[in-house]
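# Tertiary structure, described
Read off the chains here:
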Amino acid sequence: MVIQRLQNLYLFLSAVLMTVFAYVNVFFVESADLSLSVGCMGTYDVNGLSLSPISIVLAVLAVVLPLLTLSKFKLLKLQKSLCAVCLVAKLGLIAYLAITIFGQYSASSVAVNYMAVALIAAAAVLDLLARRGIAHDIKLLRDSDRIR
């Protein structure tokens, strides 16, 4: 019996996509007296960069957790639950960024970078695929133990 570990590839690609996402600006605010771009690392305006520690921590978690999950390949139940935590970190990051920007500015002045949204959506889908693959491996091992 050979277990296909395709979820390792999914988790690695998720970490790579989140690394790219961390350096891409997600929102742009344009108005008559204001021009900002908001990303995971902070807000860029005319005065420079103002860091956002909460989004930095969430971005680091969204990059590190898939790699940590990848290293726990012998503990399948832990790996499955870590995949869920990875997904929650990604959704928390995008929710924090959206609440921050839409809470401060009107929706008409905010432009969304759809490439950034596609990056985090693809990373979330890869986490779901990895979780499904791990669940399949758990079922496969349980079935093979029952047959013996």
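Rules and cut-offs
- Residues numbered from 1 in each chain as written.
- Predicted model: local features only at pLDDT ≥ 70, side-chain atom pairs only at ≥ 80, totals over all residues.
- Heavy atoms only, no water.
- Core = buried A, V, L, I, M, F, W, Y, C linked by side-chain atoms within 4.5 Å.
- Buried < 20%, exposed > 50% of the residue type's maximum accessible area, 1.4 Å probe, protein only.
- Helix = DSSP H or I, 4+ residues; strand = E, 2+ residues; numbered from the N terminus.
- Axes fitted to C-alpha atoms, helices over the stretch in contact; angles between N-to-C directions.
- Parallel < 35°, antiparallel > 145°, perpendicular 65-115°, else oblique.
- Left-handed = near helix turned anticlockwise from the far one by under 90°.
- Contact = heavy atoms within 4.5 Å.
- Nonpolar A, V, L, I, M, F, W, Y, C, P; charged D, E, K, R; others polar.
- Pairing = 2+ DSSP bridges.
- Patch = residues over 30% accessible without salt bridge, like charges linked within 9 Å, V, L, I, M, F, W, Y side chains within 5 Å.
- Areas by Shrake-Rupley, 256 points an atom, 1.4 Å probe, with all protein chains shown as cover.
- Salt bridge = Lys/Arg side-chain N within 4 Å of Asp/Glu carboxyl O.

Looking now at the nonpolar core. Of all hydrophobic cores here, the largest spans 22 residues; its most connected members are M18, F21, F27, L93 and L97. Counting only elements with at least two residues in this core, the list comes to helix 1 (6-22), strand 1 (25-30), strand 2 (35-39), helix 2 (53-71), helix 3 (76-104) and helix 4 (114-147).

For the rest of this paragraph, the subject is the packing of helix 1 against helix 2. Running from N to C, helix 1 and helix 2 cross one another at 165°; their axes reach a closest spacing of 9 Å. By the angle between their axes, helix 1 is roughly antiparallel relative to helix 2. Pair helix 1 / helix 2 crosses with left-handed handedness. Along the contact surface, helix 1 presents N8, L11, F12, S14, A15, M18, T19 and A22, while helix 2 presents A59, A62, V63, P66, L67, T69 and L70. In terms of residue class, the contact of helix 1 with helix 2 is made up of 11 nonpolar, four polar and no charged.

Bringing the sheet that holds strand 5 (residues 110-112) into the picture now. The five strands lie next to each other as 4-3-2-1-5, forming an open sheet whose pairing is antiparallel. With partners counted over all chains shown, the strands left at the sheet margins are strand 4 (48-51) and strand 5, one partner each. The sheet shows a mean angle of 20° between the axes of neighbouring strands, taken without regard to direction.

As a further point, take a nonpolar patch on the surface. A contiguous nonpolar patch, built from L6, L9, F12, L13, V16, V20 and L67 and spanning about 570 Å² of accessible area, is present on the exposed surface. Broken down by element, the nonpolar patch gets its largest block of residues, six residues, from helix 1. The residue L9 is located in helix 1 in this model.

Let us now look at the pattern of salt bridges. Note on pairing: side chains with opposite charge can pair once their charged atoms come close. Going through the model one piece at a time under the given rule, you end up with two salt bridges. Ionic pairing is found between D127 and K90, a salt bridge with its closest N-O pair at 2.9 Å. Taken as a pair, D127 in helix 4 and K90 in helix 3 lie far apart in primary sequence, 37 residues in all. The pair D127 / K90 is uniform in exposure class, with both members buried. A salt bridge links D143 to K139; the nearest nitrogen and oxygen atoms lie 2.9 Å apart. With D143 and K139 both in helix 4 and four residues apart, this pair spans about one turn of that helix.

The values reported here are purely geometric and, on their own, carry no functional implication.
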